[in-house]
Amino acid sequence: MTGVYHCRVTSSSLHSLLDTYRPRRVPYPNMRSKLAVLVLGAAAPFAALAADISAAHSEVIQLVETNAAAYRDVSRKVWEFAEMGYQEKKSSALLQETLAVAGFDVKAGVAEIPTAFVASWGQGKPVIGILGEFDSLPGLSQDAVPERKPVTAGAPGHGCGHNLLGAGGALAAVSIKDYLAAHHLPGTVRYYGTPAEEGGSGKVYMVRAGLFSDVDAVLHWHPGDSNTVTTGAGMLAVITAKFEFHGLASHAAAAPEKGRSALDGLMLMANAVEFLREHVPSATRMHYIVTKGGAAPNIVPDDAELFLYARHPSMTVLSGIWERILKCANGAAMATETTVECRIVSSDANIVNNAPLGERAYRNFTEIGGLTYTPAEQTFAEKLFALLPTGTTAKLGTERLVQPLDRERGEGGGASTDVGDVSWNVPTIGITAATWVPGTPAHTWYATAASGMAIGQDGMVLAAKVLAVTAQDLFTDPALLAAAKADFAKRMEGVRYESKIPVGQKPPLDYRNSSR
């Protein structure tokens, strides 16, 4: 177990304090990390950083520690299952069983998704939701070792750490449930088992099914290579679609004039998108692959398909960009005398920040502190760090720190998540925890490796502590919840949530194993 380091603050400078202080180890994470946060420029008052962990938070943290071993095992089993989006049958069943044994009422197969579920405990208000995910990524199979070693070549793997995400959220939910039960406090803990975050937009369908309609606030987390509160900075709204061109087949040499190439239409559209890059906001991201390009070179292709993602920090701006992408497709079809069909696969909104929840989560994170590697973990980290792509600015040791709070979103590239759609409907805040070696990019074998061993599991337990103590605050501090709701209402003034996924479209349960 890591420890807190107590020191007495005098009027001497912080640098002098860091040079002279001699720590005394007691049972909670690391005050040196808290001082390092201040050095890095965190805005939280030093008095808050130096304060002892409250008795209530200490109790919740101990409950997380007590429950942690079982959820480490769950995370490892889900890591071994490595099931992709909407196919997570064993992963979902394991989490459902684990929560049912812990006393939760589980409703499975919600929102017309076989692997989606909601697990609830308690009665009445407030209702606090905690999100869980458990889908893997294609082609990222990897053993839990610091060298490239697929378990099964070409198979899926947890390169985004959702095995940890799902188990860690469940650990937080069970631990705060234990606290509420021990103190006979009112309220409802609700864990959401949300499939297919990686390109399947599972949460969008759960929002549409009304599963968040009575929730007062939502907490979430994600694996990463640092300890941060995720306000939405750098997170991007996304629209994904498959553009299928239809033409006329013919012999490419004997009768080319009789053919109309679907591949020509696809390539012309892709070229138009390339020219479009010059005339969209700089934070825009557009990327694609060809999923069907024809059967043989001597046959004019009558069917071709482009799978495209478009992203921007604002869904409003992205909607305008998307209309221009559609014009690229329709213009290409006209020019090549083909037809084109656009099928939306998924769409995730940008994350709506919540300042009161972000400030509280940050205060709690700095109170708890970061991670300290064991000697074995340090050896693993050093070996893997040496193999990371060149150009990383991260340094080993930053896993001990909590990064400064980025209070509001700025322009810039980043990932996308269907958590954004939840945040447009409920006050929401999240964190990332250092489950991976510093500098590790997501969606890589490096992330898969750490997600299956102790470094990932330690970060998962840390995340569960932060989520659980923040949930404890929400259950016991009505003013915090009221402030979160007021902040949410102000941000949503004059704004209406509307997903780009067509109304009535069913969840694409086969999106990982079908061209459609």
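A brief look at the structure comes next.

Reading the values: the criteria
- Residues numbered from 1 in each chain as written.
- Predicted model: local features only at pLDDT ≥ 70, side-chain atom pairs only at ≥ 80, totals over all residues.
- Heavy atoms only, no water.
- Helix = DSSP H or I, 4+ residues; strand = E, 2+ residues; numbered from the N terminus.
- Buried < 20%, exposed > 50% of the residue type's maximum accessible area, 1.4 Å probe, protein only.
- Contact = heavy atoms within 4.5 Å.
- Areas by Shrake-Rupley, 256 points an atom, 1.4 Å probe, with all protein chains shown as cover.
- Phe/Tyr/Trp six-rings, centres within 6.5 Å; stacked < 30°, edge-to-face > 60°.
- Pairing = 2+ DSSP bridges.
- Axes fitted to C-alpha atoms, helices over the stretch in contact; angles between N-to-C directions.
- Core = buried A, V, L, I, M, F, W, Y, C linked by side-chain atoms within 4.5 Å.
- Expected span 1.5 Å × (residues − 1).

**A closer look at the overall build of the protein**
Assigned secondary structure in the protein consists of 15 helices and 13 strands. When the 516 residues of the protein are sorted by exposure, 55% land in the buried category. Considering only residue pairs separated by 6 or more positions, the protein has 81% of its internal contacts joining residues 24 or more positions apart. Accessible area of the protein: about 20,700 Å², with a carbon and sulfur share of 56%.

**What about the packing of aromatic side chains?**
For the structure shown, the criterion picks out eight aromatic pairs. Ring centres of Y86 and Y511 lie 5.7 Å apart, and the angle between their planes is 80°; this geometry places the pair in the edge-to-face category. Within this pair, whereas Y86 is found in the loop between α4 (55-81) and α5 (89-101), its partner Y511 is found in the segment after α15 (478-491), the two being separated by 425 residues in sequence. Neither residue differs from the other here; Y86 and Y511 are each classed as buried.

**Examining the sheet that holds strand β10 (residues 285-292)**
Judged by pairing direction, the sheet is antiparallel, and its four strands sit side by side in the order β10-β11-β9-β12 without closing on themselves. Among the strands making up the open sheet, the edge pair consists of β10 and β12 (339-348). Averaged over neighbouring strand pairs, the angle between their axes works out to 20° when direction is ignored. Where β10 and strand β11 (residues 303-312) come together, seven bridges link them in antiparallel fashion. Residue pairing in the sheet places K292 in a bridge with E305 of β11. Those strands touched by helix α8 (residues 262-276) are β9 (237-246), β10 and β11, and its axis lies near 20° from that of β11.

**What to know about the nonpolar core**
With 63 residues, the main nonpolar core has F104 and W221 as its most contacted residues. Element by element, the count of residues in this core is highest for helix α14 (residues 454-476), at twelve residues. W221 has contacts with L164, L165, G168, G169, I431, A433, T435, G459, M460, A463 and L467, leaving out every residue within four places of it along the chain. With 57 residues, the next largest nonpolar core counts M286, I351, V426 and I501 among its residues.

**What about the side chain of Q457?**
Along the chain, Q457 falls in helix α14. Those residues within four positions of Q457 in sequence are excluded, and the remaining contacts are R72, S75, R76, L164 and G452.

**Structural notes on helix α10 (residues 355-368)**
Look at α10: 20 Å from first C-alpha to last across 14 residues, which is about the 20 Å you get at 1.5 Å a residue. Of all 14 residues making up α10, eleven are buried, and the element is well covered by its neighbours. Three or more residues of α10 are buried, namely P356, L357, G358, R360, A361, Y362, N364, F365, T366, E367 and I368. With its phi angle positive at about 90°, G369 sits one or two positions after the end of α10.

**Section: α5**
A rise of 1.5 Å per residue sets the reference length of α5, with its 13 residues, at 18 Å; its end C-alpha atoms lie 18 Å apart and thus fit the reference within 8%. S91, S92, L94, L95, Q96, T98 and L99 are the residues of α5 that are buried. Where α5 is buried, its residues meet α4, β3 (105-108), β4 (117-123), α6 (162-183) and β6 (187-193). Note on α5: the residue one or two positions beyond its end, G103, has a positive phi of about 105°.

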